[in-house]
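An overview of the molecular structure
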2 protein chains.
Amino acid sequence: MEIILTKEMGFCNGVKMALKTLDKLIENKSEKIYSIGEIIHNPDVIKEYERKGVKVLKNIEELNEGIGVVRAHGLPLSIIEDARKKGKNIIDATCPFVRNISKIIEKEIKENSKIFLIGEKDHPEVVASTYDYKKYVEVIDYENFSSNNFKPKCKKCAVLAQTTLEESKFIKITACFIEKCSEIHIYNTICPAAKNRQKYAEEVAKKVDLMIILGGKKSSNTKRLFEVCKKFTKAIHIERINEINPDLLKGVKKAGITAGTSTPEWIIEEAINFLEKY
Amino acid sequence: MEIILTKEMGFCNGVKMALKTLDKLIENKSEKIYSIGEIIHNPDVIKEYERKGVKVLKNIEELNEGIGVVRAHGLPLSIIEDARKKGKNIIDATCPFVRNISKIIEKEIKENSKIFLIGEKDHPEVVASTYDYKKYVEVIDYENFSSNNFKPKCKKCAVLAQTTLEESKFIKITACFIEKCSEIHIYNTICPAAKNRQKYAEEVAKKVDLMIILGGKKSSNTKRLFEVCKKFTKAIHIERINEINPDLLKGVKKAGITAGTSTPEWIIEEAINFLEKY
């Protein structure tokens, strides 16, 4: 079987930064370390950190001792500040691209724009970037968006995207704003890493009989990679290669591999080694 | 033959205002009246005003006496001001939608945006709204636009449209900006009258065997109406109904009529009366 890897895959800079923060704290071993939420959406990585003594807390309220690290998906700044005021030791490892969305929202509030974010309402990243501004921001669920029912009722608006959104969907929805509003500030806040991974995954998916997408089941950007790939070929989203049904590999001459931004290198290598035997 | 008229057609407010200005001056008869450029793009209207003593000048330099009325398509404000400084008596009948484009450009210059206007480079309207800012504005010819060769090389940009541009084309081109820039201020400067006329023309075009588009050959918005209609049915762009080849009407059960924003009521009525005999 020929294996084709996508040009870019695996950890993005935001993930690398969050894990580096955790690694440094583990190295210093000064205090007990907690991750507030799963540091990234990958169960194997979480397990590895648990082995090293990092405990995952459901939320910031559970932190009563030691150091709490805010995961890459982030938390609203107001919640972090409240906790700090209560004397909690918090290190913020929120991805800079998520924080950037809040900065843009603040700027647009000052400009009196009506603000829309296209994404998943309850995704932790969306909550982290919009919670403090919920009076001003309407989150539009891209799955259930219908241009016919859409009446923004504003002349001036700002439109942003969840960092992992598929760009073609963002463009399709922004078109409705262009039709209905006279001034629209469009911010392409899709993370370049997520965007490139989607682009390269599409390129490979077009050439292979099967596309294997490695990444956490809860990982939003991995789900997007799967959605992109399945448009072009047979595709499967798994966390580890041993989940694959061998029947699926029958007759496959070319297999493509890509991985979400929370998937570590070793999970990718494990998959390559496994497939090379076929 | 059944005749279907579009819900909106003929004179827009900008044209009405320009002609009203001219009519008032004619009524007062105090001085000789000149139109700087054809007041609107309709030869029959021009002829009628010539009969009433209004002479068309090629440009503002030719004005040496009397009152010069700037046509609806407009002239750059700097050129009007220069002429006024030289003692010329100028009345500006530029369409407010054209002037609005200049205001947006001024605002975006202050915000350090790279500015793009999608339209026809040499169209008088485009010249009127961009000439004073040519250092800052790039006019993108929508006919020859290719997304592959397009590299805006800017993070922040503003995108505007010639008032008569087809909205679907505007949306298609703005999509390339969304893909390539991180912040885009999109101004849908397409004139509501032009937009509605296109929308209603499309609706009628879908129902008829022949669509007749009445308007000046030089009229940009009439050309757009023709482009929209011919996608859906047989369509013809004429200035007057007597230009029609009777062969074209053979077998036509339903004919649609629309007219550009410079087409006077009587030309539309003339067409209806003519077609009612078939």
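Quick look at the interface of chain B and chain A now. Facing the 17 residues of chain B at the interface are 17 residues of chain A. Counting the surface chain B buries against chain A, the share from its top three residues, I171(B), I178(B) and I186(B), is 34%. For E183(B), the salt bridge identified is with K107(A), shortest N-O distance 2.9 Å. Our enumeration of links across chain B and chain A arrives at 12 residue pairs in polar contact (both at pLDDT 80 or more). With seven residues, helix α6 (residues 167–180) of chain B is the largest single contributor of residues to the side of chain B that touches chain A. Residues of the side of chain B that touches chain A, tallied by class, amount to eight nonpolar, four polar and five charged. Sheet topology note: the strand β9 (residues 183–187) of chain A/strand β9 (residues 183–187) of chain B ladder contains five bridges and is antiparallel. Across the sheet, residue Y187(A) finds its bridge partner in β9(B), namely E183(B).

This next bit is on unusual backbone geometry. Residue and element names in this part refer to chain B. Phi at K29 is positive, roughly 50°, even though this residue is not glycine. With respect to the helices, strands and loops of the structure, K29 is situated in the loop between α1 (13–28) and β2 (33–36). Residue classification places K29 among the exposed positions, given a relative accessible area of 68%. Although it is not a glycine, N112 adopts a positive phi angle of roughly 60°. Examined against the element boundaries, N112 turns out to sit in the loop between α4 (96–110) and β6 (114–119).

With that out of the way, let us pick up the domain arrangement of chain A. Residue and element names in this part refer to chain A. Each assigned domain of chain A is listed here: domain 1 (2–10 + 192–276), domain 2 (13–95) and domain 3 (97–186). Taking only C-alpha atoms, the centre of domain 1 and the centre of domain 3 are 29 Å apart. The interface is formed by 10 residues belonging to domain 1 together with 13 residues belonging to domain 3. Interface area for domain 1 against domain 3, summed over the two sides, is near 830 Å², with a carbon-plus-sulfur share of 42%.

Okay, the nonpolar core next. Core analysis: the largest hydrophobic core is formed by 43 residues, its most contacted members being F177(A) and F177(B). Elements supplying a minimum of two residues to this core: β6 (114–119), β8 (156–161), α6 (167–180) and β9 of chain A together with β6, β8 (156–161), α6 and β9 of chain B. Leave out the neighbours within four places in its chain, and F177(B) touches F116(B), I118(B), I140(B), F150(B), P152(B), C157(B), V159(B) and I184(B).

This brings us to the packing of α6(A) against α6(B). The N-to-C vectors of α6(A) and α6(B) enclose an angle of 135°; their axes lie 10 Å apart at closest approach. The orientation of α6(A) relative to α6(B) falls into the category oblique. Note on packing geometry: the crossing formed by α6(A) with α6(B) is right-handed. Contacts between α6(A) and α6(B) pair E167(A), F170(A), I171(A), T174(A), A175(A), I178(A) and E179(A) from the former with E167(B), F170(B), I171(B), T174(B), A175(B), I178(B) and E179(B) from the latter. In terms of residue class, the contact of α6(A) with α6(B) is built from eight nonpolar, two polar and four charged.

What follows covers the side chain of Q198(B). When you line up the elements, Q198(B) lands in helix α7 (residues 192–205). Residues in contact with Q198(B), not counting those within four places in the same chain, are T164(B), L165(B), E166(B), E167(B), R224(B), L225(B) and V228(B).

When chain B is fitted onto chain A, the two copies agree to an RMSD of 0.0 Å after a turn of 180° and an axial shift of 0.0 Å. One copy is carried onto the other by what is essentially a two-fold rotation axis. Residue H185(B) of chain B places its C-alpha closer to the rotation axis than any other residue of that unit, at 2.2 Å.

All names here are of chain B. In the contact formed by α7 and helix α8 (residues 220–230), the axes pass within 9 Å of each other and the chain directions differ by 30°. The handedness of the crossing between α7 and α8 comes out as right-handed. Taken together, the residues of α8 that come into contact with α7 (itself represented by R197, Q198, A201, E202 and A205) are R224, L225, V228 and C229. Its residues assigned to classes, the contact of α7 with α8 shows five nonpolar, one polar and three charged.

Here we come to the sheet that holds strand β4 (residues 67–70) of chain B. Residue and element names in this part refer to chain B. Ordered in space as β3-β2-β4-β5, the four strands form an open sheet in which the pairing is parallel. Where the open sheet ends on each side, the last strands, each with one partner, are β3 (55–57) and β5 (89–92). When strand polarity is set aside, the average angle formed by the axes of neighbouring strands in this sheet is 30°. Lying on the sheet, α1 is in contact with β2, β4 and β5; it crosses β4 at an angle near 165°.

Thresholds applied
Residues numbered from 1 in each chain as written. Chains lettered and ligands numbered in written order. Predicted model: local features only at pLDDT ≥ 70, side-chain atom pairs only at ≥ 80, totals over all residues. Heavy atoms only, no water. Contact = heavy atoms within 4.5 Å. Buried area = accessible area lost by both parts, 1.4 Å probe. Salt bridge = Lys/Arg side-chain N within 4 Å of Asp/Glu carboxyl O. Polar contact = N/O pair within 3.5 Å; in protein donor to acceptor, adjacent residues only side chain to side chain. Helix = DSSP H or I, 4+ residues; strand = E, 2+ residues; numbered from the N terminus. Nonpolar A, V, L, I, M, F, W, Y, C, P; charged D, E, K, R; others polar. Pairing = 2+ DSSP bridges. Buried < 20%, exposed > 50% of the residue type's maximum accessible area, 1.4 Å probe, protein only. Domains from an automatic or database assignment. Core = buried A, V, L, I, M, F, W, Y, C linked by side-chain atoms within 4.5 Å. Axes fitted to C-alpha atoms, helices over the stretch in contact; angles between N-to-C directions. Parallel < 35°, antiparallel > 145°, perpendicular 65-115°, else oblique. Left-handed = near helix turned anticlockwise from the far one by under 90°. Least-squares fit on C-alpha atoms with pLDDT ≥ 70 in both.

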